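Okay, here's what each chain looks like letter by letter:
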Amino acid sequence: MSQSQANPPHRRQRAREIDAFDPLSLDSLQKVIRERLEGVQPEQFPPDDFLGAGVYALYYVGDFDLYAPLRESQCRVPIYVGKAEAGNSSYGDPADKGGLQLIKRIEKHAKSVAEATETLDVRDFRVRYLPIDDAWIVLAERALLRSYRPVIWNTVMPGFGSNVPGSDRQNARSIWDTVHPGRPRAGRLCNRRFTLAEMHERVRLAIAASVAIDEDEQDDAIATLEDYRKRPIWRPKLGRESGPRVVVQDIDRFTAEMDRLGLEIPEYRVVSDENFASNDPEMLAERSTSPSALDALPG
């Protein structure tokens, strides 16, 4: 009798391994939140008043050519995902679950869209919203961003949901404000990284990934998007540098964009480096919501 016959495998060794379902994992949560959100009928933008905090998604249904594939998806692919928390205090007071946090955030976005009259109209948007318990709101937003990756206005077009910047005349214009001009708060210098044509190219790559149904096709499109690089246009001077506050790294693109935008060119200095400002708020915002960053989340 062989050794294997004398000592047959234990039952546990022969048993199949099946992945255990974790209802609190990010993968499980994103499926549940997405199903629940997509079960909500899209409403006008902004919708009528309602109470509560939670998450929401905006959808484009208008005629702006750049967003044609999103329109054709018929509210399947959001252009923006956001949240509004109930506002727990640092003293541990209960969240205000009967407030207007979510509707006020959506109304703020509607005002931004209404100001971008050259390219957008509030009537060309729809919104879905999902009031949920405050403890889940941040995680729910991240889950939706990962599920719908890349969400255009969260990733490749940062600036839509940002707070009003200071009055410094040397603020960079966000990508969102460059593609959709009209907001009075827009910066008075061109974007630091991309021209308008380059922004459009990146948006097309991102939309191709957003609407892709095949997973391999989506992964390829996202890889192409994340490999997209251009020489920086300008940066603020570093603390150790002297001279003008505006340091131009690509003079041709800088002057062309400033001329196209009809902006006054300030005093500047030209350099040959390709450094990015490490504290650029737009780059930080885009990096935190990029497809690769969202995929790196545990779950």
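Reading the values: rules and limits
- Residues numbered from 1 in each chain as written.
- Predicted model: local features only at pLDDT ≥ 70, side-chain atom pairs only at ≥ 80, totals over all residues.
- Heavy atoms only, no water.
- Pairing = 2+ DSSP bridges.
- Helix = DSSP H or I, 4+ residues; strand = E, 2+ residues; numbered from the N terminus.
- Axes fitted to C-alpha atoms, helices over the stretch in contact; angles between N-to-C directions.
- Core = buried A, V, L, I, M, F, W, Y, C linked by side-chain atoms within 4.5 Å.
- Buried < 20%, exposed > 50% of the residue type's maximum accessible area, 1.4 Å probe, protein only.
- Contact = heavy atoms within 4.5 Å.
- Expected span 1.5 Å × (residues − 1).
- 1 Å grid on protein atoms, 1.4 Å probe; cavity = no way out; pocket = protein on both sides within 12 Å on 5 of 7 lines; lining within 4 Å.
- Points joined across faces, edges and corners; volume = space filled by probe spheres on them.
- Nonpolar A, V, L, I, M, F, W, Y, C, P; charged D, E, K, R; others polar.
- Phe/Tyr/Trp six-rings, centres within 6.5 Å; stacked < 30°, edge-to-face > 60°.

(A) Structural context of the sheet that holds strand E4 (residues 234–236). Spatially, E4-E5-E6 is the arrangement adopted by the 3 strands of the open sheet, whose pairing is mixed. The sheet is open, and its two borders are formed by E4 and strand E6 (268–270), each paired with just one other strand. The mean angle between the axes of side-by-side strands here comes to 30 degrees, regardless of whether they run parallel or antiparallel. Direction of pairing for strand E5 (residues 246–248) relative to E6: parallel, over a ladder of 3 bridges.

(B) Examining the nonpolar core more closely. Counting 39 residues, the largest nonpolar core has Tyr 67, Ile 79, Leu 120, Ile 152, Trp 153, Met 157 and Val 179 as its most contacted members. Elements supplying a minimum of two residues to this core: strand E1 (54–60), strand E2 (80–84), helix H5 (101–115), strand E3 (125–131), helix H7 (175–179) and helix H8 (196–211). Residues in contact with Tyr 67, not counting those within four places in the same chain, are Tyr 60, Ile 79, Leu 120, Trp 153, Met 157, Val 179, His 180, Val 203 and Ile 207.

(C) Focus on the sheet that holds E1. Ordered in space as E2-E1-E3, the 3 strands form an open sheet in which the pairing is antiparallel. The sheet is open, and its two borders are formed by E2 and E3, each paired with just one other strand. Taken over all neighbouring pairs, the strand axes of this sheet differ in orientation by 20 degrees on average, direction set aside. Here 5 bridges tie E1 to E2, and the two strands are oriented antiparallel to one another. Note on E2: the bridge partner recorded for Tyr 56 is Gly 82.

(D) Just H5, in detail. The terminal C-alpha atoms of H5, which comprises 15 residues, lie 22 Å apart, in line with the 21 Å expected from a rise of 1.5 Å per residue. By the burial criterion, the buried members of H5 are Gln 101, Leu 102, Ile 103, Ile 106, His 109, Ala 110, Ser 112 and Val 113. Buried residues in H5 make contact with E1, E2, E3 and H7.

(E) Spatial organisation of the side chain of Arg 202. Of note, Arg 202 is situated in helix H8. Dropping the residues within four chain positions of it, Arg 202 is found in contact with Val 156, Ile 175, Phe 194, Leu 225, Tyr 228 and Glu 286.

(F) Geometry of the layout of surface pockets. By volume, the largest pocket is sized at about 1,000 Å³. The wall of the largest pocket is formed by 47 residues, among which Gly 159, Ser 162, Pro 281, Glu 282 and Ala 285 lie closest to the centre. Secondary-structure elements contributing two or more residues to the lining of the largest pocket are E2, H5, helix H6 (137–147), E4 and helix H11 (281–288). Of the residues assigned to the lining of the largest pocket, the class counts are 16 nonpolar, 14 polar and 17 charged. Quantified by volume, the second largest pocket comes out at close to 420 Å³. When contributions to the lining of the second largest pocket are tallied by element, the ones reaching two or more residues are helix H9 (215–226), H11 and helix H12 (291–295). Sort the elements by how many residues they give to the lining of the second largest pocket and H11 lands first, with 3 residues. For the lining of the second largest pocket, the class distribution of residues is 7 nonpolar, 3 polar and 7 charged.

(G) How the structure looks around empty space enclosed by the protein. Applying the stated criterion to the full structure yields 1 cavity of 30 Å³ or more. Volume-wise, the largest cavity comes out at about 40 Å³. If you trace the largest cavity, you find it lined by Arg 192, Arg 193, Pro 232, Trp 234, Arg 235, Gln 249, Asn 275, Phe 276, Ala 277, Asp 280 and Met 283. Among the residues making up the lining of the largest cavity, the classes are represented as 5 nonpolar, 2 polar and 4 charged.

(H) Looking closely at the packing of aromatic side chains. Scanning the entire structure with this criterion turns up 14 aromatic pairs. Taking the centre distance of 5.7 Å and the plane angle of 50 degrees together, the rings of Phe 45 and Phe 125 count as tilted. Taken together, the positions of Phe 45 in the loop between helix H3 (26–38) and E1 and Phe 125 in strand E3 put the pair 80 residues apart, joining distant regions of the chain. Owing to a relative accessible area of 5%, Phe 45 belongs among the buried residues under this scheme. A relative accessible area of 0% means that Phe 125 is categorised as buried. A ring pair is formed by Trp 153 and Phe 160, whose centres lie 4.6 Å apart and whose planes are at 50 degrees; its orientation type is tilted.

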